[in-house]
Protein chains: 2
Amino acid sequence: MNIYDVSKKAGVSIATVSRVLNGNHNVSEKTRSKVISAMKELDYTPNIFARGLGLNTMKTIGIMCTDSSDTYLANAVYYVEQKLRSFGYDALLCCTGNDYINKKKYMSLLLSKRVDGIILIGSQFVNNSPGSDNSYIVDASSEIPIILVNGYLAGDNIYCVMCNDHDAVYNAASDMIKAGHRDFVYLYTSTSFSGMNKLRGFKDAMDEAGIHIDKDRFHLCTKSISKSNDYLSFIYEKNVPFDAILTSDDSLAVGAVKFAYKHGIKVPDELEIVGYNNSVLANCTEPELSSIDSKVEQLSSNAVDLLMEVLGGGSVSNINTVTADLIKRQTTKF
Amino acid sequence: MNIYDVSKKAGVSIATVSRVLNGNHNVSEKTRSKVISAMKELDYTPNIFARGLGLNTMKTIGIMCTDSSDTYLANAVYYVEQKLRSFGYDALLCCTGNDYINKKKYMSLLLSKRVDGIILIGSQFVNNSPGSDNSYIVDASSEIPIILVNGYLAGDNIYCVMCNDHDAVYNAASDMIKAGHRDFVYLYTSTSFSGMNKLRGFKDAMDEAGIHIDKDRFHLCTKSISKSNDYLSFIYEKNVPFDAILTSDDSLAVGAVKFAYKHGIKVPDELEIVGYNNSVLANCTEPELSSIDSKVEQLSSNAVDLLMEVLGGGSVSNINTVTADLIKRQTTKF
DNA sequence: TTGTATGCGTTATCAT
DNA sequence: ATGATAACGCATACAA
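An unreviewed UniProt entry annotates chain A as LacI family DNA-binding transcriptional regulator of Lachnospira intestinalis.

All names here are of chain B. In a regular helix each residue adds 1.5 Å, so 14 residues correspond to 20 Å; helix 3 (residues 29–42) covers 20 Å between its end C-alpha atoms and thus fits that length. Packing partners of the buried residues in helix 3 comprise helix 1 (3–10) and helix 2 (14–21). At the exit of helix 3 stands D43, carrying a positive phi of roughly 55 degrees.

Turning next to the protein's contact with DNA strand D. Inspection of the region around DNA strand D gives 27 residues, with A:I3, A:S18, A:Y44, B:R19 and B:T31 positioned closest. Counting only atoms of DNA strand D within 4 Å of the protein, the sugar-phosphate share comes to 65%. Side-chain polar atom of A:Y44 to a phosphate oxygen of DNA strand D: 2.3 Å apart, as the coordinates give it. At 2.9 Å, a backbone N or O of B:S28 approaches a phosphate oxygen of DNA strand D. When contributions to the surface near DNA strand D are tallied by element, the ones reaching two or more residues are helix 1 (3–10), helix 2 (14–21) and helix 4 (48–55) of chain A together with helix 2 and helix 4 (48–55) of chain B.

Moving on: the side chain of A:S224. All names here are of chain A. For S224, the location among the structural elements is in the loop between strand 7 (218–220) and helix 10 (225–237). Side-chain polar atoms of S224 contact the side chain of S226, separated by 3.2 Å. Apart from the residues within four sequence positions on either side, S224 is in contact with S251 and L252.

Attention now goes to the UniProt feature "domain: HTH lacI-type" (unreviewed entry) in chain A. Mapped onto this structure's residue numbering, the UniProt feature "domain: HTH lacI-type" (unreviewed entry) falls at residues 1–55 of chain A. The span residues 1–55 of chain A shows a helical share of 69% and a strand share of 0%, and its end C-alpha atoms are spaced 21 Å apart.

Time to look at the sheet that holds strand 8 (residues 244–247) of chain A. All names here are of chain A. On the basis of which strands lie adjacent, the open sheet formed by six strands has the order 7-6-8-9-10-12 and mixed pairing. Only two strands of the sheet have a single partner each, and these edge strands are strand 7 and strand 12 (325–327). Each adjacent strand pair in this sheet contributes to an overall mean axis angle of 20 degrees, direction not counted. Taken together, the three bridges between strand 6 (residues 184–188) and strand 7 define a ladder with parallel strand orientation. Note that in strand 7 the partner of Y188 across the bridge is L220. Lying on the sheet, helix 8 (residues 165–178) is in contact with strand 6, strand 8, strand 9 (272–276) and strand 10 (290–293); it crosses strand 9 at an angle near 170 degrees. Contacts between helix 11 (residues 250–262) and the sheet are confined to strand 6, strand 8, strand 9 and strand 10, with strand 9 contributing the most and set at about 155 degrees to the helix.

Let's shift gears to the layout of surface pockets. There is about 1200 Å³ of room inside the largest pocket. Lining the largest pocket are 49 residues, with A:T71, A:V280, B:T71, B:V280 and B:L281 sitting closest to its centre. Residue assignment for the lining of the largest pocket shows that the elements contributing at least two residues are helix 5 (71–86), helix 10, helix 11 and helix 12 (296–311) of chain A together with helix 5 (71–86), helix 11 (250–262) and helix 12 (296–311) of chain B. Looking at side-chain class alone, the lining of the largest pocket contains 13 nonpolar, 21 polar and 15 charged residues.

We now examine the packing of helix 5 of chain A against helix 12 of chain A. All names here are of chain A. Contact pair helix 5 / helix 12: the axes reach a minimum separation of 8 Å and the direction vectors enclose 40 degrees. Classified by the angle their axes make, helix 5 and helix 12 are oblique. Relative to helix 12, the crossing made by helix 5 is right-handed. Of the residues in helix 12, those in contact with Y72, N75, A76, Y79, V80, K83 and L84 of helix 5 are V296, E297, L299, S300, S301, V304, D305 and M308. Here the residues of the contact of helix 5 with helix 12 sort into nine nonpolar, three polar and three charged.

A few words now on empty space enclosed by the protein. Tallied over the full model, the rule gives two cavities of 30 Å³ or more. Its volume calculated, the largest cavity comes out at about 210 Å³. Counting only elements with at least two residues in the lining of the largest cavity, the list comes to helix 4 and strand 2 (90–95) of chain A together with helix 4 and strand 2 (90–95) of chain B. Partitioned by chemical class, the residues of the lining of the largest cavity number 10 nonpolar, two polar and six charged. Contributing to the lining of the second largest cavity are A:V257, A:K258, A:Y261, A:T285, A:E286, B:C284, B:T285 and B:E286. Tallied by class, the residues present in the lining of the second largest cavity amount to three nonpolar, two polar and three charged.

Here the focus is the environment of A:P268. Residues and elements named next belong to chain A. Topologically, P268 is positioned in the loop between helix 11 and strand 9. Of the residues examined, P268 reaches a relative accessible area of 15% and is grouped as buried. For the pair P268 and A168, spaced 100 residues apart in sequence, the C-alpha to C-alpha distance is 20 Å.

Let's shift gears to the side chain of A:S228. Locating A:S228 in the fold gives a position in helix 10. Look past the residues within four positions of A:S228 in its chain and what remains in contact with it is A:L187, A:C221, A:L252, A:G255 and A:A256.

In the vicinity of DNA strand C lie 27 residues, with A:R19, B:I3, B:S18, B:Y44 and B:R51 positioned nearest. At the protein interface, 62% of the atoms of DNA strand C within 4 Å belong to sugar or phosphate. In this structure, A:N26 approaches DNA strand C through a side-chain N or O atom, which is 3.2 Å from a phosphate oxygen. Contacts to DNA strand C include B:N2, whose side-chain N or O atom sits 3.5 Å from a phosphate oxygen. The set of elements that each furnish at least two residues to the surface near DNA strand C consists of helix 2 and helix 4 of chain A together with helix 1, helix 2 and helix 4 of chain B. Taken together, the residues of the surface near DNA strand C break down into 14 nonpolar, 11 polar and two charged.

Put simply, an interface is often sized by how much accessible area is lost when its parts join up. The partner chain B presents 43 residues to the 44 residues of chain A that form the contact. Together chain A and chain B conceal approximately 4100 Å² of surface at their shared face, both sides included; 62% is due to carbon and sulfur atoms. Three residues stand out in chain A for area buried against chain B, namely A:F49, A:K258 and A:C284, and they jointly supply 17% of the buried area on that side. Taken together, the connections running from chain A to chain B amount to six salt bridges.

All names here are of chain B. The buried fraction of strand 9 (residues 272–276) is high, at five of five residues. Burial along strand 9 is two-sided: E272, V274 and Y276 and I273 and G275, pointing in opposite directions, are all buried. The handedness of the strand 8 (residues 244–247) to strand 9 crossover, carried by helix 11, is right-handed. When strand 9 meets strand 10 (residues 290–293), the two strands line up parallel, connected through three bridges. What sits directly across from G275, in strand 10, is S291.

So, how was this worked out
- Residues numbered from 1 in each chain as written.
- Chains lettered and ligands numbered in written order.
- Predicted model: local features only at pLDDT ≥ 70, side-chain atom pairs only at ≥ 80, totals over all residues.
- Heavy atoms only, no water.
- Helix = DSSP H or I, 4+ residues; strand = E, 2+ residues; numbered from the N terminus.
- Expected span 1.5 Å × (residues − 1).
- Contact = heavy atoms within 4.5 Å.
- Near = heavy atom within 4 Å.
- Polar contact = N/O pair within 3.5 Å; in protein donor to acceptor, adjacent residues only side chain to side chain.
- UniProt positions renumbered as here; feature names shortened; annotations may be inferred.
- Pairing = 2+ DSSP bridges.
- Axes fitted to C-alpha atoms, helices over the stretch in contact; angles between N-to-C directions.
- 1 Å grid on protein atoms, 1.4 Å probe; cavity = no way out; pocket = protein on both sides within 12 Å on 5 of 7 lines; lining within 4 Å.
- Points joined across faces, edges and corners; volume = space filled by probe spheres on them.
- Nonpolar A, V, L, I, M, F, W, Y, C, P; charged D, E, K, R; others polar.
- Parallel < 35°, antiparallel > 145°, perpendicular 65-115°, else oblique.
- Left-handed = near helix turned anticlockwise from the far one by under 90°.
- Buried < 20%, exposed > 50% of the residue type's maximum accessible area, 1.4 Å probe, protein only.
- Buried area = accessible area lost by both parts, 1.4 Å probe.
- Salt bridge = Lys/Arg side-chain N within 4 Å of Asp/Glu carboxyl O.
- Right-handed = clockwise from strand over helix to strand, strands pointing away.

So, in structure tokens, the structure goes:
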């Protein structure tokens, strides 16, 4: 069942059928309807492979994320897919995990599938420590546009959509200082661009208030409720005093709530806690978590808008920033 | 950069290049290496569209789910993608939402993209009430194999992978009865096949113990922490006594924990709670949730195995069942 | 407005 | 073991 069958049935040439198929206006109403009814009768479906071969595109975008089962990433993937679809694009999903080798492998896989662009979701794809090798991204960008959601890498055909993580943490910390706190702990899960920005936001707020932070007080920690709980218990038993906790992820903040519960510490009266990402987890604890909303939906939406603009030949700024909000619930009282 | 360029450079015919490309054995070692180095020199990448056109397949599987940001579905999507990839298949992701119209639309979209098979993740795709219209699935199955994860629909080219939800709830409820409970509440979110099986499991356990359950005691509820909390508060204030809660989803169980906290009810001493899906949420509450593990990973893995078997021409049973486990944490003491 | 002819880059069949 | 050539099904430049 192909364009030839339809043309024969309708008594026209294949060119005309193709025109009808593509909504070309140079077709008389009469022949158009003839063709359409022929297509219906034959239950014709265009062969997308043949079209792809000619046009050299399948209107497909590659999505890479380290782990689509992660709450935050899952949301981003969802929003990106929805938005892509609204532009008529398909989403080819790749969960790469965190190995450099695999990231690289999946990148070239997507390239070999001739996707029209690639969206890298999450801050885990680029390594921003000096001298690091991000060539797999730069190389790919020479062929198709690359969008980084929550990552930063300079490059001609590389576009970054990110949240102002630094300011978000800085503002939350500053508010807590204003509320009278001096004894902070900051827990974070990643040294990615985004992760370091959050940490810097924390440190900047401390510096500005003249609060010294020794290294017990900021801790790189696996993204896990129990690891966070464990670490806090550890320094608590070492008699490090603290009455304010900021985290780079809600799971760590949940761990903090559980730590407080275990030790009979009253939240928020004796200890205030702020999470990050404003995920479902924030609604699960008692008291419920105050959390920084990093605006996944807007981030995702902007990422797709940007990509579409680029694919349409528009010229776009390489950096797009979204502003985070602190959602106050019950683990804070400022 | 195509097969002709390579053939010219290597001084052979395109047929030979194609043979090398596909690992055909009828090529001498000498010419093979000539061709390979030509490919390397030209940095040749095969055009997948052309191959797709000839072979009429792109080794791609469509994944449909109502909402990939849902914790449970996100996990399933993740495992399915990983497993598909291990077989060399790509995953085209479609988040359909819950409208019949959209499900139908996305189904034909995937068909028009000529995917090799479709995996429907979640119980929301087939309506099992008598006289319901599931023709969009049946129709699709006449073209390509359809796999239902957690759904049931009879059909020639339709394969169902599911969890024995009935027994899981039945067993948990029976254990609670044995532990001395008589006053149960069951909260559920869906009347899908899976949802009804869970409900029946609950009712069967009650029937068997001669416990009468009036309609206050099983309640269809939006999948939301607060709705669950609200409903429990409502019947509590109506003086419906209960000391055991079973739910079809962890979020509802979290709501139950919050309800208990609000009313000063001790869990598990005065109230035992069991969730479903054993998701991250189960680790967030205090006390932590006992929850039925519905084995998403195994379900997902089996789904892909089944599909691969079918695509390979094997003959497979249309139904594949996985056994759930109750993971006991702190909201139960039996 | 419509038709003809060609190219897109493979794989596969048939010779040799 | 290798080569020539025909599909595969569409889009489109050019002709009419």
